[in-house]
Amino acid sequence: MISSGNSDAGYQSPAKKIVLGVQFLFVAFGATVLVPLLVGIDPAVALFTAGVGTLIFHLITKGMVPVFLGSSFAFIAPIVAATELYGFAGTLSGLIAVGFVYGIVSGIIKVWGLRVIEKIFPAVVVGPVIMIIGLSLAPVAVNMAKTNWTIASVVLLTAILIVVYAKGIMKLIPIFCGIIVGYILSIALGAVDFSPIQEASWIALPEFVRPEFSWGAILYMLPVAVAPVIEHVGDMYAIGGVANKEFVKQPGLHRTILGDGIATAFAGFFGGPPNTTYSEVTGAIALTKITNPVILRIAAITAICFSVIGKVSAFLKTIPQAVLGGIMLLLFGMIASIGIKTLIDAKADFSKTRNQVIISIILTVGIGGAQISYGTFSLAGIGLASVVGVILNLILPDKSRAIKGSKVKAAPVSIPTK
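Looking at an unreviewed UniProt entry, one finds the chain named Uracil permease and attributed to Ancylomarina euxinus. What the UniProt record of the chain gives under Subcellular location (unreviewed entry) is the line "Membrane". Heading Sequence similarities (unreviewed entry) of the UniProt record for the chain holds this comment: "Belongs to the nucleobase:cation symporter-2 (NCS2) (TC 2.A.40) family."

The structure is reproduced here in C-alpha cells:
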C-alpha cells in the first residue's frame, strides 16, 4: 500500500514513482468508473478522458498542483435526465458548454476575485443544490439495488464498515472495496456473466461518442456547473493546506478552475463525463504526505494505458446492477449530506426568513421535477432549481426578519468543501 510519512525525499527512484502513481489511481479508480457505469458510458472512455484531463490540468497549472481529475458525481443525475430529453450525443454538447462556463468563472476570478462568486453562489444556494443532486437519484439507487437485495445489502454494509471503521488508506476507498466484495459474492451466487470478458480483445480503443449540438441540452447543463465550481474552490484550499502551499494564489485559482474547465470540455468532445478534483486523492495526499505532482501525472498516464486494455473495460461492464445499486444507496445519500454540511460549515442563518425561502424553494423545484419550456427550450430539475436559487438570493433583501424566539445568530458564509 501507499506508505505514510513524508515521502518527498524518496522521489529520486523512478520505480518508486511509478508504483506510487499506479496506487494513487486505484484510490480514485472505483469512483472514476462508477459514474460512466451509472450513466451508460464506456468506462474506458472515462479512464481515457480522466487521464488526459489530468495532464491538461497540470499543463495549465504549470505542473504545481498535486491533483488527479476524475468523473464528477454532481453530473450523474443531470446526464441521465438530459440523455432522456436530448439523447447522449446532445447531452455532450451541454457538458462541453459546462467547460466553457468554468473558463468564464476563471476570468471573473482573475479580474474581480473570488468574492463576486461567493456573493452569487452563497451556501444557501449551493447547499440545497448539492442536496438535490443526491436526493434526485434515490429512486435510481433503489431500483438497481432491488434487482438483488442480498448482494446490494452486502455491498452497502461493506462500504459503511469501511467508511466508519477503516483506517489509513483503506478508509479512502469504500467504493472500490464495496465493488470488489460485491463482485466476489455475485460470482459465488452465479450472477456474473463472463462472456463479455472472453469476447473482448486485449487491446481495444475506447468507444468514443461524437457530440451533437443541442441548445436544450446546453441550457439544461449550464446551471449544474454551480456546485462543482464552488466545491473546486474548497478542494484547492484543502490540497494547499496539505502541501503547505497557497495554490489559490500560485498558480492561482483562476488557473485551477480553467484546468478543470478545459479538461471537462475535452471529455465532452470524446464522450466522457465531466472531470473534477477528487476528495479521495486529496485524502490520500493528506494521509501519506506525498505531494509531488509527478506522482499524479503517472496516475494519469496509467489511466490512459488502462483505457486501451479491452479486457479491463469488459470486466467493468460485467459488474451486476445490484452491486452498483448497493454503492449508490450510500453514495447518493452522502452527496445529499454534503449539502447539509455545506450549510452547517457556512453557519447559514436559518433565523432569516429569506434563507428559509431560498432553501425551501430550491428543494421543492429540484425534487419536485418542475420544468419551464418554451418551444425547443427547456429548463428543469437541478438546472432550474439552481437558476431560481441564484435569482432569489440576488433579489430578496438580506435583512429578513428573524423568527420570533430564535437564538441563531448570523455568521459569514464560507466556501464549502467536499
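There's more to say after this.
(A) Expanded view of the overall build of the chain. The secondary structure content of the chain amounts to 18 helices and four strands. Taking 2.2 N^0.38 as the reference for a compact globule, 418 residues should give roughly 22 Å; the C-alpha atoms of the chain span a radius of gyration of 21 Å, in line with that estimate. If you line up the chain on its principal axes, its C-alpha atoms span 65 × 50 × 45 Å. By residue count, 55% of the 418 residues in the chain fall in the buried class. Sequence-distant contacts in the chain: of pairs separated by 6 or more residues, those separated by 24 or more amount to 84%. Accessible surface for the chain amounts to roughly 17700 Å². Of this, 67% is attributable to carbon and sulfur atoms. Within the chain, the 16 negative side-chain charges are centred at a point lying 12 Å from the centre of the 27 positive side-chain charges.

(B) How the structure looks around the pattern of salt bridges. Overall, the coordinates contain four salt bridges when judged by the stated rule. Two residues, K317 and D42, come together in a salt bridge whose shortest N-O distance is 3.8 Å. Of the two residues, K317 sits in helix α15 (residues 310–317) while D42 sits in the loop between α1 (14–39) and α2 (43–60), which places them 275 residues apart along the sequence. On the basis of relative accessibility, which here comes to 43%, the residue K317 falls in the partly exposed class. Judged by relative accessible area, D42 falls into the buried class, the value being 7%. For the salt bridge of E207 with K317, the shortest nitrogen-to-oxygen distance reads 3.3 Å. Residue E207 is found in the loop between α9 (195–199) and α10 (215–221), and its partner K317 is found in helix α15; the two are separated by 110 residues along the sequence. Counted as one network, the salt bridges with shared partners bring together D42, E207 and K317.

(C) Just unusual backbone geometry, in detail. Residue P251 follows Q250 across a cis peptide bond; omega there is 15 degrees. Tracing the backbone shows P251 in helix α12 (residues 248–270). The phi dihedral of N244 is positive, around 60 degrees, even though this residue is not glycine. Inspection of the secondary structure puts N244 in the loop between α11 (226–243) and α12. One non-glycine residue, K347, lies in positive phi territory at about 55 degrees. Looking at the element boundaries, K347 is found in the loop between α16 (321–345) and α17 (353–368). Its relative accessible area of 55% is what places K347 among the exposed residues.

(D) Fine view of the side chain of T61. Within the secondary structure, T61 is located in the loop between α2 and β1 (69–71). Setting aside anything within four residues of it in sequence, one finds T61 in contact with P251, R255 and T256.

(E) Structural view of the nonpolar core. Formed by 119 residues in total, the largest nonpolar core has its most connected members in F24, F68, F73, F75 and F332. Broken down by element, this core gets its largest block of residues, 13 residues, from α1.

(F) Focus on the packing of α1 against α2. Contact geometry of α1 with α2 gives a least axis separation of 8 Å together with a crossing angle of 130 degrees. As far as their axial angle goes, α2 and α1 are oblique. When you trace α1 past α2, the crossing you get is right-handed. Two secondary-structure elements touch here, α1 through F29, T32, V33, P36 and L37 and α2 through P43, A46, L47 and A50. The class makeup of the residues in the contact of α1 with α2 is eight nonpolar, one polar and no charged.

(G) Looking closely at the packing of aromatic side chains. Applying the stated criterion to the full structure yields eight aromatic pairs. An aromatic cluster of at least three residues, connected via ring pairs, comprises F48, F208, F266 and F270. When the ring centre of W202 is taken as reference, the NZ or CZ atom of K311 above it lies at 5.6 Å.

(H) The arrangement of helix α5 (residues 123–135) in detail. Counted at 1.5 Å a residue, the expected span for α5 with its 13 residues is 18 Å, and the 18 Å between its end C-alpha atoms agrees. Counting buried positions along α5 yields 12 of 13 residues, so the element is predominantly enclosed. If you check which residues of α5 are buried, you get A123, V124, V125, V126, G127, P128, V129, I130, M131, I132, I133 and G134. The inward-facing, buried residues of α5 contact α3 (76–112), α6 (138–145), α11, α16, α17 and α18 (381–395).

(I) Here's a closer look at the side chain of T318. Here T318 is to be found in the loop between α15 and α16. Within the structure, the side chain of T318 is placed 2.8 Å from the side chain of Y183, a separation counted as a polar contact. Excluding its chain neighbours within four sequence positions, the residues that come into contact with T318 are Y183, V192, D193, P196 and I197.

Rules of the game
Residues numbered from 1 in each chain as written. Predicted model: local features only at pLDDT ≥ 70, side-chain atom pairs only at ≥ 80, totals over all residues. Heavy atoms only, no water. UniProt positions renumbered as here; feature names shortened; annotations may be inferred. Helix = DSSP H or I, 4+ residues; strand = E, 2+ residues; numbered from the N terminus. Rg over C-alpha atoms; globule rule 2.2 N^0.38 Å. Buried < 20%, exposed > 50% of the residue type's maximum accessible area, 1.4 Å probe, protein only. Contact = heavy atoms within 4.5 Å. Areas by Shrake-Rupley, 256 points an atom, 1.4 Å probe, with all protein chains shown as cover. Lys, Arg positive; Asp, Glu negative; His and termini not counted. Charge placed at Lys NZ, Arg CZ, Asp CG, Glu CD. Salt bridge = Lys/Arg side-chain N within 4 Å of Asp/Glu carboxyl O. Core = buried A, V, L, I, M, F, W, Y, C linked by side-chain atoms within 4.5 Å. Axes fitted to C-alpha atoms, helices over the stretch in contact; angles between N-to-C directions. Parallel < 35°, antiparallel > 145°, perpendicular 65-115°, else oblique. Left-handed = near helix turned anticlockwise from the far one by under 90°. Nonpolar A, V, L, I, M, F, W, Y, C, P; charged D, E, K, R; others polar. Phe/Tyr/Trp six-rings, centres within 6.5 Å; stacked < 30°, edge-to-face > 60°. Lys NZ or Arg CZ within 6 Å of the ring centre and 35° of its normal. Expected span 1.5 Å × (residues − 1). Polar contact = N/O pair within 3.5 Å; in protein donor to acceptor, adjacent residues only side chain to side chain.

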